[in-house]
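Geometric and topological summary
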Amino acid sequence: MANDNAAAVAPGAPGLSWQTVLTGAGTPIVLMLMLVMIVLPLAPLVLDLLFTFNIALAIIVLMAAVYSSRPLDFASFPTVLLIATLLRLGLNVASTRVVLLEGTPVPPLRAG
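This report concerns the structure included in the present document. Keep in mind the model is a prediction, meaning the values are calculated, not measured. (Residues numbered from 1 in each chain as written. Predicted model: local features only at pLDDT ≥ 70, side-chain atom pairs only at ≥ 80, totals over all residues. Heavy atoms only, no water.)

Now for the pattern of salt bridges. Under the counting rule described, the total for this entry stands at one salt bridge. Of the charged contacts, one joins Asp73 and Arg70 as a salt bridge, the two residues approaching to 3.0 Å between their closest N and O atoms. Exposure remark for Asp73: the relative accessible area of 40% places this residue in the partly exposed category. (Salt bridge = Lys/Arg side-chain N within 4 Å of Asp/Glu carboxyl O. Buried < 20%, exposed > 50% of the residue type's maximum accessible area, 1.4 Å probe, protein only.)

Below, the structure is given as structure tokens:
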């Protein structure tokens, strides 16, 4: 009998589909992107978008925690909190890097 997932099987890995590989790859990819964000300087527009995403994520986590009726309704809270904290730390480092590399001094005020 032929394999029903024959089109989804990765080349060189019999029986292993791309869906199986990508199912558990979300968190490691996000963590690697955070490390890249810390190492490489980002454009100010990208930082603004990431800060906006960070605030939206914080509001979503807060709403999910408040509206869960039982503790096990939000069992992934520690993992989400860890990833959100790492994102905030990465944004702090990245924004400090941008300020120190591209920040211009403010001209002094003239009396007059």
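This paragraph deals with the side chain of Asn54. With respect to the secondary-structure elements, Asn54 resides in helix H3 (residues 44–67). Residue class for Asn54 comes out buried when judged on its relative accessible area of 8%. Beyond its immediate chain neighbours, meaning those up to four positions away, Asn54 contacts Leu87, Arg88 and Leu91. (Helix = DSSP H or I, 4+ residues; strand = E, 2+ residues; numbered from the N terminus. Contact = heavy atoms within 4.5 Å.)

By volume, the largest pocket amounts to about 230 Å³. Val30, Leu33, Met34, Met37, Leu42, Leu50, Phe53, Leu57, Ile83, Ala84 and Leu87 are the residues that line the largest pocket. Residue assignment for the lining of the largest pocket shows that the elements contributing at least two residues are helix H2 (26–39), H3 and helix H4 (77–102). In terms of residue count, H2 provides more of the lining of the largest pocket than any other element does, four residues in total. Among the residues making up the lining of the largest pocket, the classes are represented as 11 nonpolar, no polar and no charged. (1 Å grid on protein atoms, 1.4 Å probe; cavity = no way out; pocket = protein on both sides within 12 Å on 5 of 7 lines; lining within 4 Å. Points joined across faces, edges and corners; volume = space filled by probe spheres on them. Nonpolar A, V, L, I, M, F, W, Y, C, P; charged D, E, K, R; others polar.)

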